[in-house]
Amino acid sequence: MNDSELERYSRQLLVPGFELEGQEALGAASVLIVGCGGLGALAAQYLVGAGLGHVVLVDPDRIELSNLPRQIAYTEADVGRFKAEVLAERLQRMNSEVTVTHHSLAFDETSGASLLTTIDAVLDGTDNHGTRLLIDRFTAHRELPWFMGAAVQMAGQNIAFTGLREEGCYHCLAPQQASVDAGGCATLGILGPVVATVALRQVLDLIGALTGVAKVPWGVMRQYDFRANTTASLPLQRRVGCVVCDPNVNTR
Ligand SMILES: [Zn+2]
């Protein structure tokens, strides 16, 4: 680590349990961020600020005026441009030491496998159930951890999944989640700080997993009700017969 890096990261290098080893682990890691909206754009800024080595952004959408209240990486001048492209430019201006790659396309059956090449972990910044199911299946196949997050109106939730899914997977939850995701932010609404809080929980879990500075509650669904100001933690369980994580069924 050179003098400039030591100065840039000096405050986090002071944190017990993070230190030089944590910084080096972050610098060696590659993370795919699927979706560059309220979750992904905020998470990407914190990860790049902290010195994550390689960030890969994927999002097929263009910036809309209605994104600006919560997707604070973007400005009025960016409306109409691709999110992944604008965010990549911003991240590179924030930290020229990290590598940023972007793809203005969807994470889907066609692109999923190739997007995960050389990736160590995935952060979910999507707004739909179908893409999360794909992330779950593709990352289970590669035995990669992923960090799910979702928010709508005044509520949010997040879960960290290990590569091996011993504690269950997103498919185990699928029946319940399908009804939760019946409507997204576009129809139900969302308040900016709600989605930002969920994104930062995802980032903390990810940094904890990469560096060991924090305990990661793997396989625990954390649910936040910001209207009542309450939090609940629900440990997942592997569902017998799950096509992704039951070792007697899956065809990884
Ligand atoms: Zn499962």
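Everything that follows concerns the structure shown earlier in this document.
Calculation notes
All chains use their own residue numbering, which begins from 1 and follows the written sequence. At least 70 in pLDDT is required for a residue's local features to be given in this predicted model, at least 80 for side-chain atom pairs to be given and counted, and no such filter applies to totals for whole chains, interfaces and linings, which use all residues. With hydrogens and water excluded, all non-hydrogen atoms of the structure serve as input to the side-chain values. Helix and strand labels come from DSSP, where a helix needs a run of H or I of at least four residues and a strand needs a run of E of at least two; each type is numbered from the N terminus. The span expected for a helix works out to 1.5 Å for each residue beyond the first. Exposure is judged per residue with a 1.4 Å probe applied to protein chains only, and the accessible area is read against the type maximum: over 50% gives exposed, under 20% gives buried, and values in between give partly exposed. Two rings from Phe, Tyr or Trp (for Trp, the six-membered ring) form a pair when their centres sit within 6.5 Å of each other. Planes less than 30 degrees apart are called stacked, planes more than 60 degrees apart edge-to-face, and all others tilted. By definition, being over a ring means that NZ of Lys or CZ of Arg is both within 6 Å of the ring centre and within 35 degrees of the ring normal. Patches draw on residues past 30% relative accessible area with no salt bridge. Two like charges within 9 Å are joined, as are two nonpolar side chains (Val, Leu, Ile, Met, Phe, Trp, Tyr) within 5 Å. The protein chains shown are the only cover counted for residues, whose accessible areas, like all others here, come from Shrake-Rupley with a 1.4 Å probe. Here, a salt bridge means any Lys or Arg side-chain nitrogen found within 4 Å of an Asp or Glu carboxyl oxygen. Distances up to 2.8 Å from the metal define which N, O and S atoms are donors, and 3.2 Å serves for Na, K and Ca; water is absent from the atom set, so sites may look incomplete. Every angle between 85 and 135 degrees makes a four-donor site tetrahedral, while opposite donors more than 155 degrees apart, with all other angles between 65 and 115, make a four-donor site square planar and a six-donor site octahedral; other sites are irregular.

Trainee: Please clarify how helix H10 (residues 192–211) should be interpreted in this entry.
Mentor: Along its 20 residues, H10 runs 28 Å from first to last C-alpha, staying within 8% of the 28 Å computed at 1.5 Å per residue. For H10, the set of buried residues is Gly192, Val194, Val195, Val198, Ala199, Gln202, Val203, Asp205, Leu206, Ile207, Gly208 and Thr211. Phi for Gly212, located one or two positions after H10, is positive at around 85°.

Trainee: Even after reading the chapter, I still don't get the packing of aromatic side chains, so can you show me in this structure?
Mentor: Any two aromatic rings considered together are summarised by their centre-to-centre distance and by the angle between their planes. With the rule as written, the count across this model stands at six aromatic pairs. Their ring planes at 90° and their centres at 5.8 Å tell us that Phe107 and Phe138 sit as a pair that is edge-to-face. Remark: Phe138 occurs in helix H7 (residues 129–142) and Phe107 occurs in the loop between strand S3 (99–103) and helix H6 (112–115); sequence separation between them is 31 residues. By relative accessible area, Phe107 is classed as buried at 5%. Ring plane angle 90° and centroid distance 6.5 Å describe the contact between Phe161 and Tyr170, whose orientation is recorded as edge-to-face. Accessibility expressed as a relative area gives 0% for Phe161, which makes it buried. Looking at Tyr170, the relative accessible area reads 0%, which means it is buried. Three or more aromatic residues link up through ring pairs in this structure, and these residues are Trp146, Phe161 and Tyr170. Looking at Arg62, its charged tip hangs above the ring of Phe82, at a distance of 4.1 Å from the centre. Arg137 extends its terminal NZ or CZ atom over the ring of Phe138, reaching a point 5.5 Å from the ring centre.

Trainee: Any chance you could explain a nonpolar patch on the surface here in plain terms?
Mentor: A cluster of nonpolar side chains, contributed by Met1, Leu6 and Leu20, occupies part of the molecular surface with about 240 Å² of accessible area. You can see Leu6 is positioned in helix H1 (residues 3–8). Assessed through its relative accessible area of 36%, Leu6 is described here as partly exposed.

Trainee: Got a minute to help me understand the pattern of salt bridges in this structure?
Mentor: Side chains that differ in charge, positive against negative, can pair when their charged atoms come close. A complete count under the given rule lists six salt bridges for this structure. In this structure, the salt-bridge partner of Arg81 is Glu85, at a minimum N-O distance of 3.5 Å. When salt bridges with common partners are traced through the structure, they connect Arg81, Glu85 and Glu89 into a single cluster.

Trainee: Please clarify how unusual backbone geometry should be interpreted in this entry.
Mentor: One can expect most non-glycine residues to show negative phi and most peptide bonds to be in trans. Phi is positive for Thr118, close to 65°, though the residue is something other than glycine. Phi angles above zero are rare outside glycine, and Asn229 is one such case at about 60°. For Asn229, the position within the fold is in the loop between strand S7 (220–225) and strand S8 (230–235).

Trainee: What is the right way to read the coordination of the zinc ion from this model?
Mentor: Put simply, the ideal angle at a metal is 109.5 degrees for four donors in tetrahedral geometry and 90 or 180 degrees for six donors in octahedral geometry. With distances of 2.2 to 2.3 Å, the protein atoms coordinating the zinc ion are Cys169 (SG), Cys172 (SG), Cys242 (SG) and Cys245 (SG). Coordination at the zinc ion is tetrahedral, judged from the four donor atoms that bind it and the angles of 94 to 118° they form at the metal. Here Cys172 falls in the buried class, since its relative accessible area comes to 8%. A relative accessible area of 0% means that Cys242 is categorised as buried.

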